[in-house]
Amino acid sequence: MTKKKAHKPGSATIALNKRARHEYFIEEEIEAGLALQGWEVKSLRAGKANIGDSYVIFKDGEAYLFGANFTPLNVASSHVVCDPTRTRKLLLNKRELDNLFGSVSRDGYTVIALSLYWKNAWCKVKIGVAKGKKQHDKRTDAKDREWAVDKARIMKNAGR
């Protein structure tokens, strides 16, 4: 007899970067781990994270998440120095690092954080290889979204 795992209340998603899909064309999505300190994990459990302006930088053959803000809890230990915007190392394998670095350096892409979530007991970040949108691309997307809503309304009323 197998035991079913009890579903925890709430969502596994910690933070979303909603502006990312509006500002960029997302070509590829990759899941990466984060090297975190203890106080950061506590603040993530409390949901105090913002990845709105974060992106990935490459230094010495490694990838780092830059610009993510993890607000420290006021009950954190007094002997630990909490830097909310520190650069955090991404845990990727060599093939993924080479692929990302090649697309950024040769093809002119940028790598941005899309979402931050829990996977079992581990904190993961979904990063996307992206190319910036121009203003006319954003207008086209808005028109397509509005048309999809109108089309759904027309189809709903046509069945009556």
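For the protein, an unreviewed UniProt entry supplies the name SsrA-binding protein and the organism Cedecea lapagei. The UniProt entry for the protein carries the following text under Subcellular location (unreviewed entry): "Cytoplasm". The Sequence similarities (unreviewed entry) field of the UniProt record for the protein holds the comment "Belongs to the SmpB family."

(A) Summary view of the environment of Thr85. For Thr85, the location among the structural elements is in the loop between β6 (69-70) and β7 (88-91). The exposure class assigned to Thr85 is partly exposed, which follows from its relative accessible area of 43%. Residues Thr85 and Arg95, ten residues apart in the sequence, show an inter-C-alpha distance of 28 Å. Beyond its immediate sequence surroundings of up to four residues, Thr85 is in contact with Ala68 and Asn69.

(B) Region of the structure containing the pattern of salt bridges. This structure, assessed with the given rule, holds eight salt bridges. A salt bridge links Lys126 to Glu29, with the shortest nitrogen-to-oxygen separation between them at 3.7 Å. With Lys126 in strand β9 (residues 122-132) and Glu29 in strand β2 (residues 24-34), this residue pair connects regions lying 97 residues apart in the sequence. The partly exposed category is assigned to Lys126, whose relative accessible area is 26%. Among the salt bridges present, the one from Arg88 reaches Glu40, with a minimum N-O distance of 2.8 Å. Within this pair, whereas Arg88 is found in strand β7, its partner Glu40 is found in helix α2 (residues 38-45), the two being separated by 48 residues in sequence.

(C) Just the state of the cysteines, in detail. This model, assessed by the stated rule, comprises zero disulfides. In this structure Cys82 is a free cysteine whose sulfur lies 16 Å from that of Cys123, the closest cysteine sulfur available. The exposure class of Cys123 is buried, given its relative accessible area of 7%.

(D) Just the nonpolar core, in detail. Residues Leu34, Leu44, Leu90, Leu92, Leu116, Val125 and Ile127 are the most contacted members of the largest nonpolar core, which totals 25 residues. Those elements giving two or more residues to this core turn out to be β1 (13-16), β2, β5 (62-66), α3 (94-107), β8 (110-119) and β9.

(E) Fine view of the environment of Ala158. Residue placement: Ala158 occurs in helix α4 (residues 135-158). Residue class for Ala158 comes out exposed when judged on its relative accessible area of 55%. A sequence separation of 125 residues divides Ala158 from Gly33, and the C-alpha atoms of the two residues are 48 Å apart.

Conventions we followed
- Residues numbered from 1 in each chain as written.
- Predicted model: local features only at pLDDT ≥ 70, side-chain atom pairs only at ≥ 80, totals over all residues.
- Heavy atoms only, no water.
- UniProt positions renumbered as here; feature names shortened; annotations may be inferred.
- Helix = DSSP H or I, 4+ residues; strand = E, 2+ residues; numbered from the N terminus.
- Buried < 20%, exposed > 50% of the residue type's maximum accessible area, 1.4 Å probe, protein only.
- Contact = heavy atoms within 4.5 Å.
- Salt bridge = Lys/Arg side-chain N within 4 Å of Asp/Glu carboxyl O.
- Disulfide = S-S within 2.5 Å.
- Core = buried A, V, L, I, M, F, W, Y, C linked by side-chain atoms within 4.5 Å.

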